[in-house]
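# Analysis of the macromolecular model
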2 protein chains.
Amino acid sequence: MQTRLPVLCCGPATKPIGPRQAGALAARFRALADPTRVAIVNRLAQGECCVCDLNAAFDLSQPTVSHHLKVLRDAGLVASTRRGTWAYYRLVPDAVQQLRQTLGG
Amino acid sequence: MQTRLPVLCCGPATKPIGPRQAGALAARFRALADPTRVAIVNRLAQGECCVCDLNAAFDLSQPTVSHHLKVLRDAGLVASTRRGTWAYYRLVPDAVQQLRQTLGG
DNA sequence: TCCTTTCATCGATGGACGTCGATATGAACT
DNA sequence: AGTTCATATCGACGTCCATCGATGAAAGGA
């Protein structure tokens, strides 16, 4: 897609970004702007996980957890696979790394 | 403060985080969950900047820009210094780097 | 002291978000 | 088909947020 990312922190070659890129970056950061979603991402960082485990872990209603998973999916931070009855979620490493590079990696 | 940070992405030693840490991390990410604030941080990454320049740059009302600066200040991502009539804002590199490490540094 | 400039704060408003119960979808098993 | 379990979607409600105009506070100059 794009070879270089704009950097938000103090690299030696910091470049200005336009409104579109700022909006795209903000949308991704917004997906992490909720404690439940941060915890979900942290959990998925330990490996693939099915929704039923997440439902049991977070003391929230099942629709609420499903909603947060959708937000993370729409942001491209996680992906899901249906295997039989259960749906398994996993991190999308490239997306997380892209955010990290944005912060000055 | 703390020697090690929880990591949200695919490091080899990813550790689970508690609700408090998840809330603190989400609060910081929320400070970046707005296009204007992402653009402000990107602008400050190029060096110190006074508020009047930011007001001119973002086509928003002066109170709105001031509000965003306060959000970033409360999150610890930027700091300000008053010199004479003008207030100068700058990035807090440690805070940004901390977020970066959270994403898998 | 009065005026101007710069920035922060206040109060209000419209829209977005997190949460839930109810319901729909979809897969496995009898 | 009918039943049960696992997820997703829908609709509603309360709260938070971005934005604005108006106002306050602080500094410098006439």
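So, a few notes on the structure that sits alongside this text. (Residues numbered from 1 in each chain as written. Chains lettered and ligands numbered in written order. Predicted model: local features only at pLDDT ≥ 70, side-chain atom pairs only at ≥ 80, totals over all residues.)

So, about helix 2 (residues 35–44) of chain A. A large share of helix 2 of chain A lies buried, amounting to ten of its ten residues. Among the residues of helix 2 of chain A, A:Pro35, A:Thr36, A:Arg37, A:Val38, A:Ala39, A:Ile40, A:Val41, A:Asn42, A:Arg43 and A:Leu44 are the ones counted as buried. (Buried ≥ 20, exposed ≤ 12 C-beta atoms within 10 Å, placed from the backbone. Helix = DSSP H or I, 4+ residues; strand = E, 2+ residues; numbered from the N terminus.)

Its rotation angle being 180°, the transformation that places chain B on chain A also includes 0.0 Å of axial translation and leaves an RMSD of 0.1 Å. Here the symmetry operator amounts to a two-fold rotation axis. Ranked by how close their C-alpha atoms come to the rotation axis, the residues of chain B are headed by B:Arg100, at 2.6 Å. Same-surface contact between copies: 100% of interface residues of chain B are shared with the interface of chain A. (Least-squares fit on C-alpha atoms with pLDDT ≥ 70 in both. Contact = placed C-beta atoms within 7 Å.)

Residue and element names in this part refer to chain B. Here helix 2 (residues 35–44) crosses helix 4 (residues 62–74) at 70°, and the two axes come no closer than 10 Å. Put simply, helix 2 runs roughly perpendicular to helix 4. Packed against helix 2, whose contacting residues are Thr-36, Arg-37, Ile-40 and Val-41, the element helix 4 presents His-68, Val-71 and Leu-72 at the interface. Looking at the contact of helix 2 with helix 4, its residues break down into four nonpolar, two polar and one charged. (Axes fitted to C-alpha atoms, helices over the stretch in contact; angles between N-to-C directions. Parallel < 35°, antiparallel > 145°, perpendicular 65-115°, else oblique. Nonpolar A, V, L, I, M, F, W, Y, C, P; charged D, E, K, R; others polar.)

Attention shifts here to the protein's contact with DNA strand D. Near DNA strand D there are 24 residues, and of these A:Cys52, A:Pro63, B:Ser61, B:Pro63 and B:Thr64 occur at the shortest range. Going through the elements one at a time, helix 3 (51–57), helix 4 (62–74) and strand 3 (86–91) of chain A together with helix 4 of chain B are the ones with two or more residues in the surface near DNA strand D. Per element, the largest residue contribution to the surface near DNA strand D is six residues, and it comes from helix 4 of chain A. Class assignment of the residues belonging to the surface near DNA strand D gives a composition of ten nonpolar, twelve polar and two charged. (Near = placed C-beta within 6 Å.)

Let's shift gears to the interface of chain B and chain A. Accessible area lost on assembly of the parts is the figure often given for the size of an interface. Across the boundary between the two partners, chain B contributes 35 residues, which contact 35 residues of chain A. For the side of chain B that touches chain A, the secondary-structure elements that each account for two or more residues are helix 1 (19–31), helix 2 and helix 5 (93–102) of chain B. Broken down by element, the side of chain B that touches chain A gets its largest block of residues, seven residues, from helix 1 of chain B. Partitioned by chemical class, the residues of the side of chain B that touches chain A number 24 nonpolar, seven polar and four charged.

What follows deals with the protein's contact with DNA strand C. Looking at DNA strand C, there are 24 residues lining it, with A:Pro63, A:Thr64, B:Val51, B:Cys52 and B:Pro63 nearest. Elements supplying a minimum of two residues to the surface near DNA strand C: helix 4 of chain A together with helix 3 (51–57), helix 4 and strand 3 (86–91) of chain B. The element that contributes the greatest number of residues to the surface near DNA strand C is helix 4 of chain B, accounting for six residues. For the surface near DNA strand C, a count of residues per class yields ten nonpolar, eleven polar and three charged.

All names here are of chain B. Taken together, three strands build an open sheet; the order of strands is 1-3-2 and the sheet is antiparallel. A single partner strand is all that each edge strand has here, and the edge strands are strand 1 (49–50) and strand 2 (78–83). Where strand 1 lies against strand 3, two bridges are found, and the strand directions are antiparallel. Its bridge partner lying in strand 3, Cys-49 is registered against Tyr-89. (Pairing = 2+ DSSP bridges.)

This brings us to the pairing of strand 3 of chain A. All names here are of chain A. With six bridges joining them, strand 2 (residues 78–83) and strand 3 adopt antiparallel strand pairing. Among the inter-strand pairings, Val-78 is bridged to a residue of strand 3, identified as Leu-91. In textbook terms, the turn of a hairpin is the stretch between consecutive antiparallel strands, and for strand 2 and strand 3 this stretch comprises two residues, one of which, Gly-84, has a positive phi near 65°.

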